[in-house]
Amino acid sequence: MDIRQLRYFVTVAEELNFSRAATKLHMSQPPLSQQIKALEEEMGVMLFLRTRREVKLTDAGKVFLRESRSVLAHLQAAVDTTLKTAKGDIGELRLGMATSAVFHVMPKILERLQAQFPQVNVAVTDMGSRDQIRAVLQDKIDIGIIHEQPHIEELAALPIFTEPFSLAIPSSHAFATRADIPLGEMRDQAFVAFSREYAPALFDSFIAACAEAGFSPKIAHTARHALTIFQMVSLGLGIAFVPSSFAQSAVPGVVYRKLDQVQQRVRICAIWNPKNPSDVVANVVRGILEPPIA
């Protein structure tokens, strides 16, 4: 018994007419009848009741039709899944994510993935940029979404998003009611800053922006995560220099003011290992990451 015979049987069972079934299968009737007879002989049961006027399924034939359809459906599903996997339309994708990507970049990426590759299972891990570089090199994640770095040996990089910075200010602060605040006026204020160890790109952009504004910031507190910084700001411990998309967090007690005059920008890029990328990674890079995140 083989898959071809199952297909022959199902077609005859659905048509209940050998002539029509043969036409549908693009073959002549005698070979089709011979295949069905061989199948019955192999199984030792009658699958069809044949008369000059009609062809009917036996009770055994009805059961075999149900099971044959199931076998053929499973086979087709296996073929489809294999082809989709080979094309990179299905599989697993491990993404790393810098914290500053959580409010805008990652939602856009996930939206595109769901629209274009709904059968790709995505696992996202919040990691610092340096940790992501190591994780990609060690094949612990497939793609990293990091703050742009100087040339990273062995990895491919693609810029995907750029945005300005804003100030996060306690809502009780005297500056909270102002629409426009030059950074230079912050020289005497206490700052809550990202730890340079965890977010060197954000920290360095902060220091550079302050230097361009003519002062060195008074860093009263540092933190690794955005939520901690927002909490410190809401408690009145200082103000913070943060990516503008952080305003989407809507933390009570914190207001945001854009720094349009500041030239520094948050630059996010995707990294992956080009030496042995999976089909899923290649498809995601081409279809999801190459169009810039707006």
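Residues numbered from 1 in each chain as written. Predicted model: local features only at pLDDT ≥ 70, side-chain atom pairs only at ≥ 80, totals over all residues. Heavy atoms only, no water.

### A word on the overall build of the protein chain
Then, number 1: Along its length, the protein chain carries nine helices and twelve strands.
Then, number 2: Relative to the 2.2 N^0.38 estimate, which gives 19 Å for 294 residues, the radius of gyration of the protein chain is 32 Å and therefore markedly larger than a compact globule would have.
Then, number 3: Expressed along its principal axes, the backbone C-alpha trace of the protein chain runs to roughly 100 × 40 × 25 Å.
Then, number 4: Put simply, of all contacts in the protein chain between residues at least 6 apart along the chain, 73% involve residues at least 24 apart.
Then, number 5: For the protein chain, the exposed surface amounts to about 15,400 Å²; the carbon and sulfur share of it is 53%. (Helix = DSSP H or I, 4+ residues; strand = E, 2+ residues; numbered from the N terminus. Rg over C-alpha atoms; globule rule 2.2 N^0.38 Å. Contact = heavy atoms within 4.5 Å. Areas by Shrake-Rupley, 256 points an atom, 1.4 Å probe, with all protein chains shown as cover.)

### Comments concerning the environment of Leu-95
Then, number 1: Relative to the helices and strands, Leu-95 is located in strand β3 (residues 90-97).
Then, number 2: Exposure remark for Leu-95: the relative accessible area of 2% places this residue in the buried category.
Then, number 3: For the pair Leu-95 and Met-27, spaced 68 residues apart in sequence, the C-alpha to C-alpha distance is 51 Å.
Then, number 4: Setting aside residues no more than four positions away along its own chain, Leu-95 makes contact with Met-106, Ile-109, Leu-113, Val-122, Ala-123, Val-124, Thr-125 and Ile-143. (Buried < 20%, exposed > 50% of the residue type's maximum accessible area, 1.4 Å probe, protein only.)

### Concerning the sheet that holds strand β7 (residues 165-170)
The pairing of strands in a sheet happens through backbone hydrogen bonds and is either parallel or antiparallel.
Then, number 1: Read across the sheet, three strands follow the order β10-β7-β11 without closing on themselves; strand pairing throughout is antiparallel. Every interior strand has two partners, whereas the edge strands, β10 (240-243) and β11 (254-258), have only one. Across the sheet, the mean angle separating the axes of adjacent strands is 40° when strand polarity is ignored.
Then, number 2: Bridging between β7 and β10 involves four bridges; their strand directions are antiparallel. Counterpart to Leu-167 in the pairing with β10 is Phe-241. (Pairing = 2+ DSSP bridges. Axes fitted to C-alpha atoms, helices over the stretch in contact; angles between N-to-C directions.)

### Describing a nonpolar patch on the surface
Then, number 1: A cluster of nonpolar residues, Met-1, Met-43 and Val-45, forms a patch on the protein surface that exposes about 240 Å² of accessible area.
Then, number 2: Summarising the element assignment, Val-45 is placed in the loop between α3 (29-43) and β1 (48-50). (Patch = residues over 30% accessible without salt bridge, like charges linked within 9 Å, V, L, I, M, F, W, Y side chains within 5 Å. Salt bridge = Lys/Arg side-chain N within 4 Å of Asp/Glu carboxyl O.)

### Examining the confidence of the model for the protein chain
Then, number 1: Across the protein chain, the average pLDDT comes to 88, with 95% of residues at 70 or higher.
Then, number 2: At the level of individual helices and strands, the protein chain shows its lowest average pLDDT in helix α4 (residues 59-87), which scores 78, and its highest in strand β8 (residues 190-194), which scores 96. (pLDDT = per-residue confidence, 0-100.)

### Observations regarding the domain arrangement of the protein chain
Then, number 1: Each assigned domain of the protein chain is listed here: domain 1 (3-87), domain 2 (91-162 + 267-289) and domain 3 (165-264).
Then, number 2: With centres defined by C-alpha atoms, the gap from domain 1 to domain 3 works out at 71 Å. (Domains from an automatic or database assignment.)

### Here we look at the side chain of Thr-58
Then, number 1: Here Thr-58 is to be found in the loop between β2 (55-57) and α4.
Then, number 2: Relative accessible area serves as the criterion here: at 12%, Thr-58 is assigned to the buried category.
Then, number 3: A distance of 2.9 Å separates a polar atom in the side chain of Thr-58 from the backbone nitrogen of Gly-61.
Then, number 4: With sequence-adjacent residues up to four places away left out, Thr-58 is seen in contact with Met-46, Leu-47, Phe-48 and Leu-49. (Polar contact = N/O pair within 3.5 Å; in protein donor to acceptor, adjacent residues only side chain to side chain.)

### Some remarks on the environment of Phe-191
Then, number 1: On the secondary structure map, Phe-191 appears in strand β8.
Then, number 2: Residues within four places of Phe-191 in sequence aside, it is in contact with Leu-167, Met-186, Phe-206, Phe-215, Pro-217, Lys-218, Ile-219, Ala-220, His-221 and Ile-239.

### Some points on the packing of aromatic side chains
Pairs of aromatic rings are described using the distance from one ring centre to the other and the angle between the two planes.
Then, number 1: Evaluation of the coordinates by the stated rule reveals eleven aromatic pairs.
Then, number 2: Here the aromatic rings of Phe-18 and Phe-48 are separated by 6.0 Å at their centres, their planes lie at 65°, and the arrangement is edge-to-face. Of this pair, Phe-18 sits in helix α2 (residues 18-24) while Phe-48 sits in strand β1, and the two are 30 residues apart along the sequence. In this structure, Phe-18 and Phe-48 share a single accessibility class: buried. (Phe/Tyr/Trp six-rings, centres within 6.5 Å; stacked < 30°, edge-to-face > 60°.)

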